[in-house]
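Take a look at the letters that make up each chain.
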Amino acid sequence: MDLAERLERHLTAWLGAWPPAGGLSIVGSERRTRPGWDGKVYPVAGVATCAGAVLSVPPDVVDAARAAGDDLDAVGAALPALLRRPDAKFGRGVFRWCHELVAGDDPDAVWLPPDDERVPPWLAVFNGDVLVHLDEHGHYGAGVGRKRHDDWGHELSVATEEHLRGRGLARRLVAQAARRVADEGAVATYLHAVSNTASARVAEASGFPDTGWWILGLPVAS
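Each value, and the rule that gives it
- Residues numbered from 1 in each chain as written.
- Predicted model: local features only at pLDDT ≥ 70, side-chain atom pairs only at ≥ 80, totals over all residues.
- Heavy atoms only, no water.
- Helix = DSSP H or I, 4+ residues; strand = E, 2+ residues; numbered from the N terminus.
- Rg over C-alpha atoms; globule rule 2.2 N^0.38 Å.
- Buried < 20%, exposed > 50% of the residue type's maximum accessible area, 1.4 Å probe, protein only.
- Contact = heavy atoms within 4.5 Å.
- 1 Å grid on protein atoms, 1.4 Å probe; cavity = no way out; pocket = protein on both sides within 12 Å on 5 of 7 lines; lining within 4 Å.
- Points joined across faces, edges and corners; volume = space filled by probe spheres on them.
- Nonpolar A, V, L, I, M, F, W, Y, C, P; charged D, E, K, R; others polar.
- Pairing = 2+ DSSP bridges.
- Axes fitted to C-alpha atoms, helices over the stretch in contact; angles between N-to-C directions.
- Polar contact = N/O pair within 3.5 Å; in protein donor to acceptor, adjacent residues only side chain to side chain.
- Arc of directions from axis to C-beta.
- Salt bridge = Lys/Arg side-chain N within 4 Å of Asp/Glu carboxyl O.

> Any chance you could explain the overall build of the chain here in plain terms?
Across its full length, the chain holds six helices and 10 strands. The C-alpha radius of gyration of the chain comes to 18 Å, within 12% of the 17 Å expected for a compact globule of 222 residues. Projected onto its principal axes, the C-alpha coordinates of the chain cover approximately 60 × 35 × 30 Å. Residues counted as buried form 48% of the 222 residues belonging to the chain.

What follows is the structure in structure tokens.
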């Protein structure tokens, strides 16, 4: 199964339907009522492409969401009230997925369980082994976590300590993690804010092109 087929399986399972049928498709999924990768419930999830968008909501909200309109802006504006979260704001970010497995490892990177004492707090929350760059003293400098949404899609998150930025660590770590994900039978995805140009550069260099896709959702409180 190639990476594109894995992505389709992931989005079908995660959203409840895929690919888009043109325009906006609002679907109900029990996944929006159950804990996600981190134990939190994400009541809205969606992906938009140039061919349309699939927006996944709890089954009991589908009819009201469809009645709110047939375009994403109208439905997005209605969702906070429909979900009884009036302070939340519907938003979108850049959605990328790994089109190409890029070679090149970080020789100082090791895979560690999230509860390893060398793993910083931000990485300790992930639900799979994390890839960590360690210096000669065994201290953390950069890392990648995996949000294992299901058997076919693992979302990557990367961060580098400020004094080590500009050395290509993030690029190598993301490429290395994407290959691990592929070896396990899944495809890596990568999300970032439109304004995060540094993250965009890392993604482009690691085999995750910007194809005009968007991730859709509501923020979830900590």
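> Explain the side chain of Ser157 here, please?
Its place among the elements puts Ser157 in strand β8 (residues 153-160). Given the relative accessible area of 17%, Ser157 is considered buried. Sequence-distant contacts of Ser157, defined by excluding residues within four places in its chain, comprise Trp122, Phe126, Gly143, Val144, Gly145 and Lys147.

> What exactly am I supposed to notice about the layout of surface pockets here?
With a probe scaled to a water molecule rolled over the atoms, the places where space remains empty come into view. Each pocket or cavity is described by its volume, and for the largest pocket that value is around 740 Å³. Around the largest pocket sit 27 residues that line it, and Tyr42, Lys147, Glu155, Leu191 and Leu218 are the ones nearest its centre. Counting residues per element, the ones that place at least two in the lining of the largest pocket are β4 (91-97), β9 (187-192) and β10 (214-217). The class makeup of the residues in the lining of the largest pocket is 13 nonpolar, six polar and eight charged. In this model, the second largest pocket occupies a volume close to 470 Å³.

> I'm lost on the sheet that holds strand β5 (residues 109-112) in this one. Help?
Strand pairing within a sheet occurs via backbone hydrogen bonds; the two strands may be parallel or antiparallel. Within the open sheet, the 10 strands sit side by side as β1-β3-β2-β10-β4-β9-β8-β7-β6-β5. Their pairing is mixed. Two strands bound the open sheet, and with one partner strand each, they are β1 (24-28) and β5. Taking each pair of neighbouring strands and ignoring which way they run, the sheet shows an average axis angle of 25 degrees. The pairing of β8 with β9 spans four bridges and is parallel. Among the inter-strand pairings, Glu155 is bridged to a residue of β9, identified as Thr189. Relative to the sheet, helix α1 (residues 3-15) contacts β1, β2 (45-49), β3 (52-57), β4, β8, β9 and β10, its axis offset from that of β2 by approximately 135 degrees. Lying over the sheet, helix α3 (residues 72-82) contacts β1, β3, β4 and β10, oriented at roughly 15 degrees with respect to β3.

> What is the right way to read the side chain of Ser199 from this model?
Structurally, Ser199 is set in helix α6 (residues 197-205). Among the polar contacts listed, one links the side chain of Ser199 to the side chain of Tyr190, at a separation of 2.7 Å. In this structure Ser199 touches Tyr190 and His192, once residues within four positions along its chain are discounted.

> Please explain α3 as it appears in this structure.
Quick reminder: α-helices carry 3.6 residues per turn. Residues three or four places apart thus point the same way. Among all positions of α3, only Leu72, Val75, Gly76, Leu79 and Pro80 are buried. In a view along the axis of α3, the buried residues occupy a sector of 140 degrees, so they form one face of it. The outward face of α3, more than 90 degrees from its buried face, is lined by the exposed residues Asp73, Ala77 and Ala81. As for α3, its buried residues are in contact with β1, β3, α2 (62-67), β4 and β10. Between a side-chain oxygen at the N-terminus of α3 and the backbone nitrogen of Asp73 the separation is 3.2 Å; the capping residue is Asp71.

> Would you take a moment to explain the pattern of salt bridges for this structure?
Side chains that differ in sign of charge can pair as their charged atoms come close. Counting across every chain of the model gives eight salt bridges. A salt bridge links Arg118 to Asp116; its shortest N-O distance comes to 3.0 Å. Put simply, Glu184 and Arg146 hold a salt bridge, and the shortest N to O gap is 2.9 Å. One end of the pair, Glu184, is in the loop between α5 (169-183) and β9; the other, Arg146, is in strand β7 (residues 140-148), and 38 residues separate them in sequence. What makes Arg146 buried here is its relative accessible area of 1%. Within the structure, one salt-bridge network assembled from shared partners comprises Asp129, Arg146, Arg180 and Glu184.

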